[in-house]
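Overview (structure and organization)
Residue strings, one per chain:
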Amino acid sequence: LINKGANTLDSMFISQWSDPDLGGAAGFTDDLVGCDTMPDGTFKSRSLGFVYNATNNDGGYGETPPALGYDFFQGPIVAGDTLGLVSFNKYINGTDPASAEETYNYMRGLQIDGSPTVDPFGVTTTYTVAGDPVSPVPGSWLDSSPADRRMMLSSGPFTMAPGDSQEVTVAIVIGHCGDRLDAISAMRFNDEFAQIAYDKNFDLPSPPPQPQVNVSVEDGEVRLSWDAASRENYDEPGYAFEGYNVYQGHTVAGPWELVQTYDENNGIRVIHDQVFDVASCLLIPVFPVIEAQDVGVRFEHTITEDEVRGGPLFNGTEYFFAVTAYSQNPTGVPKVLENAQAVVRTIPQKPALGTDLATASATPVEYLQKDTLRPPATD
């Protein structure tokens with residue numbers, strides 16, 4: 001925003017307005033909205049307004065409707081302080097403000113006629129429906145009577161003299177997990193990490209380099225070996241190399257079963273972090289993301305058992321493995337950085353008759369990134 005005029009703009013607000021229409025054919029008729037502030041009007045860490053479904057029976061998404069939020073990643077800056085969400089309003093299609101004065105009243109967190117906003121419990125506030133629909137408490141003001149919602153998030157006031165400028169960033173964040181309320185939890189979790197990425201100017205910490213894996217096979221056996229570059233060539237401020245994980249995949253794209261962890265013998269065994277569990281759609285504040293045994297770092301692993309189906313490895317059967325490297329930072333967000341699984345495809349088999357195993361050697365495998373499969377290179 002640049003004030004290119006000759007007049008000072010006083011008591012200015014900036015707003016993100018939306019008519020979200022969440023869902024399928026008649027999706028606009030069953031919307032509810034909310035915002036992330038405490039019931040007393042104090043700020044949470046998120047300057048977030050959101051829309052969610054009123055039921056778990058949406059015309060487009062069925063039983064698993066998503067939630068969508070708008071977040072002031074960066075609000076106006078006043079005297080060195082960055083303003084967040086200072087008001088949130090909602091109204092139904094057909095009751096839109098009809099003048100600049102009515103719109104400005106909404107921006108300031110007032111009613112359309114300029115009177116204060118009072119919640120159903122008699123508390124004056126600038127935040128409409130600021131209760132938590134996921135975990136409501138007594139005194140929570142929740143949206144009701146679903147309909148075609150419009151919502152407006154506002155930040156201010158601030159002053160802009162001629163020539164002044166402000167940079168404001170608003171993000172759209174989505175959550176989709178389980179039912180309509182689970183989706184709100186997923187959206188909030190995604191929003192927190194997106195905010196961290198923005199605050200760091202998207203200069204995010206990197207995991208150790210991907211291990212380069214070689215594979216050799218014998219009768220009912222697969223041997224994986226990898227280089228030490230992940231350990232020796234890692235320099236990420238705040239993070240230290242910690243170990244390697246060996247996985248077996250159910251398919252070439254996963255899911256993945258942890259086979260073995262080889263970690264530094266330094267007393268760091270279990271590392272806990274905040275995790276959103278996509279299976280239960282629950283935020284787990286203290287979750288063991290790494291469980292190791294201080295066994296020391298190794299650079300090879302021999303596999304004879306099928307961790308996916310149980311029993312031994314069978315000759316002539318294709319298996320999928322991966323080796324990742326990970327680092328840790330006890331105060332970082334996240335606390336553990338780990339590579340994606342680079343797939344190793346291999347088939348155990350008996351050596352051909354007359355083979356001299358003493359002269360055998362391992363050759364580099366073809367890497368298949370988790371979401372980018374490519375055919376083997378040709379000679």
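Structure report, in brief.

The next subject is the overall build of the protein chain. Counting secondary structure elements, the protein chain contains three helices and 23 strands. Contacts spanning at least 24 positions in sequence make up 68% of the contacts within the protein chain whose residues lie at least 6 apart. Entry remark: accessible area of the protein chain is about 19,100 Å², with carbon and sulfur atoms responsible for 52%.

Glancing now at the pairing of strand 12 (residues 213–218). Relative to strand 13 (residues 221–226), strand 12 is paired through six bridges, and the arrangement is antiparallel. If you follow Asn214 over to strand 13, its bridge partner there is Ser225. Joining the antiparallel neighbours strand 12 and strand 13 is a turn of two residues, in which Gly220 adopts a positive phi near 65 degrees.

By volume, the largest pocket is sized at about 630 Å³. What lines the largest pocket is a set of 18 residues, and nearest its centre among them are Tyr247, Phe287, Val289, Ile290 and Glu338. The element that contributes the greatest number of residues to the lining of the largest pocket is strand 17 (residues 282–291), accounting for five residues. For the lining of the largest pocket, the class distribution of residues is 12 nonpolar, three polar and three charged.

Of all hydrophobic cores here, the largest spans 21 residues; its most connected members are Leu224, Trp226, Tyr244, Val246, Phe321 and Val323. Put simply, the parts of the chain that give this core at least two residues each are strand 12, strand 13, strand 14 (240–249), strand 15 (256–263) and strand 19 (319–328). Looking at this core element by element, the count peaks at four residues for strand 19. Residues contacting Val246, with those up to four places away along its chain left out, are Leu224, Trp226, Glu257, Leu258, Val259, Gln260, Tyr262, His301, Ile303, Ala322 and Val323. Judged by nonpolar contacts, the second largest core, of 19 residues, contains Tyr127, Ala130, Leu153 and Phe158.

This part takes up the pattern of salt bridges. A complete count under the given rule lists 15 salt bridges for this structure. Linking Arg188 and Asp36 is a salt bridge whose minimum nitrogen-to-oxygen distance equals 3.0 Å. Taken as a pair, Arg188 in helix 2 (residues 180–199) and Asp36 in the loop between strand 2 (31–35) and strand 3 (48–53) lie far apart in primary sequence, 152 residues in all. When its relative accessible area of 8% is taken as the criterion, Arg188 is described as buried. Taking the shortest distance from any N to any O, the salt bridge between Glu318 and Arg345 comes out at 3.0 Å. Note that Glu318 is positioned in the loop between strand 18 (300–303) and strand 19 and Arg345 in strand 21 (residues 342–346), a separation of 27 residues in sequence.

The strand order across the open sheet built from four strands is 2-3-4-11, with neighbouring strands paired in antiparallel fashion. The open sheet has two edge strands with one neighbour each: strand 2 and strand 11 (169–175). On average, each strand axis in the sheet is inclined to that of its neighbour by 20 degrees, with strand direction left out of account. Here four bridges tie strand 3 to strand 4 (residues 67–74), and the two strands are oriented antiparallel to one another. Bridge assignment links Phe50 to a residue of strand 4, and that residue is Gly69. Running at roughly 25 degrees to strand 4, helix 2 makes contact with strand 2, strand 3, strand 4 and strand 11 of the sheet.

To continue, consider the state of the cysteines. Among covalent bonds in proteins, the disulfide is the one between the sulfur atoms of two cysteines. Taken as a whole, this structure holds one disulfide when the rule is applied. A sulfur-sulfur distance of 2.1 Å marks the disulfide that ties Cys177 to Cys281. Disulfide Cys177-Cys281: the torsion about the S-S bond is -90 degrees, which places it as left-handed. On the criterion of sequence distance, the pair formed by Cys177 in the loop between strand 11 and helix 2 and Cys281 in the loop between strand 16 (270–277) and strand 17 is long-range, its members being 104 residues apart. Each of the two residues, Cys177 as well as Cys281, counts as buried.

Cut-off values and rules
Counting restarts for each chain: residues are numbered from 1 in the order of the written sequence. Totals for whole chains, interfaces and linings use all residues, but because this is a predicted model, local features are given only for residues with pLDDT of at least 70 and pairs of side-chain atoms are given and counted only at 80 or more. Only hydrogens and water are set aside; all other atoms, that is, all heavy atoms of the structure, feed into the side-chain values. A helix here means a DSSP run of H or I that spans at least four residues, while a strand means a run of E at least two residues long, and both kinds are numbered starting from the N terminus. A contact between two residues is defined here by any heavy atoms of the two lying within 4.5 Å. Each accessible area is a Shrake-Rupley result for a 1.4 Å probe, and residues are judged covered by the shown protein chains and nothing else. Any two strands between which DSSP finds at least two bridges are classified as paired. Buried and open spaces are told apart on a 1 Å grid over the protein atoms alone, a cavity being a set of points where a 1.4 Å probe fits but cannot get out and a pocket being an open set with protein on both sides within 12 Å along at least five of seven lines. Residues with an atom within 4 Å of a point are the lining residues. Grid points are joined across faces, edges and corners, and a volume is the space filled by probe spheres set on the points. Classes in brief: Ala, Val, Leu, Ile, Met, Phe, Trp, Tyr, Cys and Pro nonpolar; Asp, Glu, Lys and Arg charged; the others, Gly included, polar. Nine residue types can take part in a nonpolar core, namely buried Ala, Val, Leu, Ile, Met, Phe, Trp, Tyr and Cys, and a core is a set of them joined through side-chain atoms within 4.5 Å. Note on classification: 1.4 Å probe, protein chains only; a residue is buried when its accessible area is under 20% of the maximum for its type, exposed when over 50%, partly exposed between these limits. Any Lys or Arg side-chain nitrogen located within 4 Å of an Asp or Glu carboxyl oxygen qualifies as a salt bridge. In this analysis, axes come from line fits to C-alpha atoms, helices being fitted only over the stretch in contact, and the angle between any two N-to-C directions falls in the range 0 to 180 degrees. Disulfides are defined as pairs of cysteine sulfur atoms found within 2.5 Å of each other.

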